[in-house]
Amino acid sequence: RGRIEEDFEGVPIVNLIREVILCEESELYDAFSEQERKEFLFRIFSHLIFGGAQNQWEDHVEEYFRVTKEVYKDLLSVRRTDTGDVEVLSHV
């Protein structure tokens, strides 16, 4: 959901997801726990949300979820063991 744009340490906060990720004083900051914020998947998501200097943000968070999942799957390497269990081979 959109919001009034404000600048936070040089980063434009144009929607609630950016606010949730970046602004510790936001009432929504606790939507993600400290443990979740350390997860590799969350880091990918954050990088996609904020992009770089030429970033053109998306109004719908579902697009970020979709792309985050695709990037994660491209970076992760797994295999099935002889017992049928899934084993992660990637080191992240």
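You'll find the structure just up there.
Presented here is a report on the structure given in the accompanying data block. Keep in mind that what you see is a predicted model, and the values were worked out from it rather than measured. (Residues numbered from 1 in each chain as written. Predicted model: local features only at pLDDT ≥ 70, side-chain atom pairs only at ≥ 80, totals over all residues. Heavy atoms only, no water.)

1. Some details on the overall build of the chain
Scanning the chain for helices and strands turns up four helices and four strands. Counting from the amino terminus, helix and strand elements in the chain follow one another as β-β-α-α-α-α-β-β. Radius of gyration (C-alpha) of the chain: 16 Å, far over the 12 Å computed for a compact globule of 92 residues. Taking the principal axes of its C-alpha atoms as reference, the chain extends roughly 55 × 25 × 20 Å. The burial tally for the chain puts 25% of its 92 residues in the buried class. (Helix = DSSP H or I, 4+ residues; strand = E, 2+ residues; numbered from the N terminus. Rg over C-alpha atoms; globule rule 2.2 N^0.38 Å. Buried < 20%, exposed > 50% of the residue type's maximum accessible area, 1.4 Å probe, protein only.)

2. Focus: the environment of Val-67
Among the secondary structure elements, Val-67 is positioned in helix H4 (residues 61-75). Look at Val-67 and you get partly exposed, because its relative accessible area is 27%. As for Val-67 and Ile-44, which are separated by 23 residues in sequence, their C-alpha atoms are 9.5 Å apart.

3. Details of the packing of aromatic side chains
On inspection of all chains with the given rule, the structure shows three aromatic pairs. Taking 5.5 Å as the distance between ring centres and 25° as the angle between the ring planes, the aromatic pair formed by Phe-45 and Phe-65 counts as stacked. Highlighted residues: Phe-45 in helix H3 (residues 40-50) and Phe-65 in helix H4, separated in sequence by 20 residues. The lysine or arginine in question, Arg-37, covers the ring of Tyr-29, its NZ or CZ lying 3.7 Å from the ring centre. (Phe/Tyr/Trp six-rings, centres within 6.5 Å; stacked < 30°, edge-to-face > 60°. Lys NZ or Arg CZ within 6 Å of the ring centre and 35° of its normal.)

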